Amino acid sequence: MARITCTPGDLIQWDSAENCLAPLTDLQKDYLQKLEQEFSSLDTSTHEDTSENSEHLNQNKCDNITQIERSQDVLEYYTKLEREYMSSENMKYMLYLNDLKTRRQECQELCELIKDTLEDFSILFKQYAEVSDKTSSLHSASEELISDQKQLNSMVESIAEYVKYFKEVDVIMEKLEASTLSVNSDMFFNIVDKVDVNMDALQTNNTFKESATYLVKYRHCQSKIITLIQNYIFNLFSKTTESILNFNETEGIQENMDAALALFYGRFQTIVSKAKPIIEQVETKSVKRQEYNNLLLECHQYYWSQRGLVLGPSIQKSLSAIKDRYNGDHCSLVRHSCALLLHASVDEYRLFYEFFSKPSTGLTTFLESLCTSLYDTIRPFIIHINHLETLAEICCILRIEMLDEHVQNNFEPLEGFGNICLQLLHDVQERLVFRAQLYLQSDVLNYNPSPGDLAYPEKLKMMEDIAESIREETRQSRMKRISVSSNDSNILEPVSRNHIIMDSIYQKSHMGSSPADLHGMWYPTVRRTLVCLSRLYRCVDRSVFQSLSQEAISLCVQSIEKARNEIELRASTLDAELFQIKHLLILREQIAPFQVDFTIKEYSLDFSRVKMAAFGLLEKSSKLFTLSNNALLEFLLEGAPKMKEQLIDSRKEVDNNLKHACQRLIQHATYVLINPVMQLLEKEKVYSSNTDANTKQKIFGTAQEVNTIVADVLRTIKFKLPNIQQSMQLYLANKETEFILLRPIKNNISAAFAQLYQLLSKYYTSEELLLIACPLPEQISVILSSSSLVQNKSIQSENKNSQDKEEL
């Protein structure tokens, strides 16, 4: 290996900035600086050691100086000195090296010791793992044992829990057989609860070996409990009933109703505290157990049977007493009988719910059975009542007083009573409808009027004279009082004012209406029809009333028509027509407030198709047995009668009759006033085909003859039109109606004279027209207006009287 030699100059440049022999990086330079700092710190710490070592070396040098005799000794000695010097220079490094060797030796020893320790730890870990495994297995075994112990304990407890259901049955049976056991005690209630709980448990765990057997035993216990409860409750009810019946027979307190009520209800209320706890238990368990539900129903039935024994005879006697007391007064009989059963129903309902809290539908049946005696008592009277007023009042009592006021406001206690009242109401309504139909037939359609009923217009004039005389007497007496009190000015004003007010009221109530408006002046069939309808309107159903009202109005219209014909025979056509118009107006006005539809449907069979099909069958007699176009088959298919539906409106029937009556009145009045003129116009129509003027003049007559006819007609209008107006005022007493009827009469008169004037102008000369003196339309209007002077005078006189009263 070649040796590298370098000069001291080269060593100087090893780290020069330029031409560096061994260039170092910045990182290497940093490491060198850090190494120098480390050595400098070591120099200060080892300085003392080096000084001591140097002294030691010098001494060794002195001691080691040997005698030099040869050159070889010099070289050896030099070599030795060189070595010592070299060692003195590197002493600190050598010492550090020795120290490092010592530390390495210590580390080796320590590693040997750690190795031995690790071996010991490995052995110890193996031993620990063995012990840990044994401990874990022991712990697992302990936990398993504890779990098994808990499971066994729970099993023991569950077995004990289930076993008690089997063990307790014998104890329960012994307790139930004990003679000292009281039904109304806590022990008995506990036994009942325990039996139900045990039965539920056995039914839930029906897989147990003997659960069915023991369930039968528990059912036997349950039936024993139900029997004890039933006997206890039944004995309470039966003993209380016997005490009431025995006391009632011995004391005879039926006459004192307060004492009877105290006895009938007080005795039962005394056992509520004894029976209520037992019944509450039964009602609570009846929700789940059908046996207890059946027991509750049996208790209900037995309670009702005992209450029926107590109340039945008493109610019968009370109804008999009421029947004897109000014999002949059917309304009072119905009212007091219903009141008796109403209060009895309320009291029974209240007493029932003092014993029982669970609702029962049989209570309504029981109360209805109690009220059946009411139906049996009243119905025989109802079916023999003929008076409509009585039947209508009984209907109002049952519907308004009982059903609407009492039953609807207290429905649950009075439901059974309401059912009986409803049955009675239906019977009364049926009887009322039957009697109403007979009444309408006998007293409306077949009414035989007396002479006084048909005395028109005499009775109206008589009533008008009576009213006038009353007004005159009232006016004279008032004037006398005013003249007597005229001396005192302080009294005059209030007295006169008071009489003026009273007189105005009297005029409004009497003078402003016709005597025909008074109910007593109506034709009897109209009055009876309206009274009958007013009674039926409140008492029967709407559909029934619609049918009856249509029949009643139709019969009433027929009776009015019949009366009109008779009045026409005895009086005049004008009075007959006004009579019919007035009463049809009254009928239409009085049926207006009824809030029903007077329209009904009637069905009939139309046999017109049968007739046509029969003719077709006769025409096709040769095809009776043919396969195609069989005539017999066509007859069966096409010859069936057709159902026809027809709407009948009573109001329209009244309006139609009223319309026809008004038309007849207008035609009659026109005929009475201008009949000769109408005959002339008819003659002109008959001979309208003849064009010869002389012939037409011969038909109409001479101008003098026509003048006589016209003058007679005008005279008739002048004298008869006021009479017609006066008759209208007497019958109708309504300005609007009078105007409606007079306007077409005047229009007919004006039209007839206008047509006559045109014809006369056509066939007569001007001189003849002057001689005829046929009035123009304007003149006719003046004549018709002047004919109403009588009516106007009467109006003016009334106005004058009223002005005089106001001045007074």
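Residues numbered from 1 in each chain as written. Predicted model: local features only at pLDDT ≥ 70, side-chain atom pairs only at ≥ 80, totals over all residues. Heavy atoms only, no water.

A. Structural view of the overall build of the chain. In terms of regular secondary structure, the chain is built from 27 helices and two strands. Within the span of the chain, comprising 808 residues, buried residues form 34% of the whole. For the chain, long-range pairs separated by at least 24 residues make up 77% of all intrachain contacts whose partners lie at least 6 apart in sequence. (Helix = DSSP H or I, 4+ residues; strand = E, 2+ residues; numbered from the N terminus. Buried < 20%, exposed > 50% of the residue type's maximum accessible area, 1.4 Å probe, protein only. Contact = heavy atoms within 4.5 Å.)

B. Molecular detail of the packing of helix α11 (residues 362-382) against helix α13 (residues 415-445). Where α11 meets α13, the axes come as close as 7 Å, and the angle between the chain directions of the two elements is 25°. If you check the angle between α11 and α13, you find them roughly parallel. Crossing geometry of α11 relative to α13 is assigned as right-handed. Judged by residue contacts, Thr-364, Glu-368, Cys-371, Thr-372, Leu-374, Tyr-375, Ile-378, Arg-379 and Ile-382 of α11 engage Glu-415, Gly-416, Phe-417, Asn-419, Ile-420, Gln-423, Leu-424, Asp-427, Val-428 and Arg-431 from α13. (Axes fitted to C-alpha atoms, helices over the stretch in contact; angles between N-to-C directions. Parallel < 35°, antiparallel > 145°, perpendicular 65-115°, else oblique. Left-handed = near helix turned anticlockwise from the far one by under 90°.)

C. Up close: a nonpolar patch on the surface. A grouping of Met-94, Tyr-96, Leu-97 and Leu-100 is seen on the molecular surface, where their side chains present a nonpolar patch of about 370 Å² in accessible area. Mapping Tyr-96 onto the fold places it in helix α4 (residues 91-177). (Patch = residues over 30% accessible without salt bridge, like charges linked within 9 Å, V, L, I, M, F, W, Y side chains within 5 Å. Areas by Shrake-Rupley, 256 points an atom, 1.4 Å probe, with all protein chains shown as cover. Salt bridge = Lys/Arg side-chain N within 4 Å of Asp/Glu carboxyl O.)

D. Broad picture of unusual backbone geometry. Residue Pro-457 is reached from Tyr-456 by a cis peptide bond, and omega for that bond is 5°. Note that Pro-457 resides in the loop between α13 and α14 (458-484). In this model, Ala-733 sits at a positive phi of 55°, which is unusual for a non-glycine residue. Summarising the element assignment, Ala-733 is placed in the loop between α23 (703-731) and α24 (735-763). Positive phi, close to 60°, is recorded for Ala-773, a residue that is not glycine.

E. Summary view of the packing of aromatic side chains. Under the criterion given, the structure shown has 20 aromatic pairs. Geometrically, the ring pair formed by Phe-268 and Phe-355 is edge-to-face, given 6.3 Å between the ring centres and 85° between the ring planes. Of this pair, Phe-268 sits in helix α7 (residues 257-269) while Phe-355 sits in helix α10 (residues 330-355), and the two are 87 residues apart along the sequence. Of the two residues, Phe-268 and Phe-355, both sit in the buried class. Among the aromatic side chains, those forming a connected cluster through ring pairs are Phe-237, Phe-268, Tyr-303, Trp-304, Tyr-349, Phe-352, Tyr-353, Phe-355, Phe-356 and Phe-366. For Arg-307, the ring lying beneath its charged end belongs to Phe-268, and the centroid distance is 4.6 Å. (Phe/Tyr/Trp six-rings, centres within 6.5 Å; stacked < 30°, edge-to-face > 60°. Lys NZ or Arg CZ within 6 Å of the ring centre and 35° of its normal.)

F. Summary view of the nonpolar core. Judged by nonpolar contacts, the single largest core of 166 residues is most densely connected at Phe-355, Phe-417 and Phe-753. Phe-753 has contacts with Ile-674, Val-677, Val-710, Val-713, Leu-714, Ile-717, Cys-774, Pro-775 and Ile-780, leaving out every residue within four places of it along the chain. (Core = buried A, V, L, I, M, F, W, Y, C linked by side-chain atoms within 4.5 Å.)

G. Looking closely at helix α16 (residues 524-539). Taking 1.5 Å per residue as the helical rise, α16 with its 16 residues ought to reach 22 Å, and the 23 Å between its terminal C-alpha atoms agrees with that figure. When α16 is considered as a whole, its buried residues turn out to be Pro-524, Thr-525, Val-526, Thr-529, Leu-530, Cys-532, Leu-533, Leu-536 and Cys-539. For α16, the secondary structure elements touched by its buried residues are α12 (388-407), α13, α17 (542-570) and α18 (573-591). (Expected span 1.5 Å × (residues − 1).)

H. Up close: the side chain of Ser-286. One can find Ser-286 in the loop between α8 (272-285) and α9 (290-325). Contacts of Ser-286, omitting those with residues within four sequence positions, involve Tyr-292, Asn-293, Leu-296 and Lys-358.

I. A look at the side chain of Gln-429. Counting through the fold element by element, Gln-429 comes out in helix α13. Since its relative accessible area comes to 8%, Gln-429 is described here as buried. In this structure, Gln-429 is in contact with Cys-395, Arg-399, Cys-539, Val-540 and Asp-541, ignoring residues within four places of it in sequence.

J. Region of the structure containing the confidence of the model for the chain. Here the chain averages 78 in pLDDT, while 75% of its residues score no lower than 70. Here residues 789-808 scores under 50 on pLDDT; set against residues more than four positions off or in separate chains, the count is 13 contacts. (pLDDT = per-residue confidence, 0-100.)

K. Structural context of the packing of α13 against α16. Their axes nearest at 11 Å, the elements α13 and α16 cross at an angle of 170°. Taken together, the axis directions place α13 and α16 in an arrangement best described as roughly antiparallel. Along its contact with α13, which presents Gln-429, Leu-432, Ala-436, Tyr-439, Leu-440, Asp-443 and Val-444, the element α16 presents Thr-525, Arg-528, Thr-529, Cys-532, Leu-536 and Cys-539. Taken together, the residues of the contact of α13 with α16 sort by class into eight nonpolar, three polar and two charged. (Nonpolar A, V, L, I, M, F, W, Y, C, P; charged D, E, K, R; others polar.)

L. Broad picture of the pattern of salt bridges. Following the criterion strictly, the structure yields 20 salt bridges and no others. The partner of Arg-564 in a salt bridge is Glu-568, with the nearest N and O atoms 3.3 Å apart. Of the two residues, Arg-564 and Glu-568 are both situated in helix α17; the distance of four residues between them amounts to about one turn of the helix. A residue is classified by how much of its surface remains accessible, and Arg-564, at 7% relative accessible area, is buried.

M. Local environment of the environment of Ile-382. Topologically, Ile-382 is positioned in helix α11. Judged by relative accessible area, which is 1%, Ile-382 ranks as buried. Sequence separation between Ile-382 and Val-428 is 46 residues; the distance between their C-alpha atoms is 6.4 Å. Once residues lying within four places of it in the same chain are set aside, the contact partners of Ile-382 are Leu-391, Leu-424, Asp-427, Val-428 and Arg-431.

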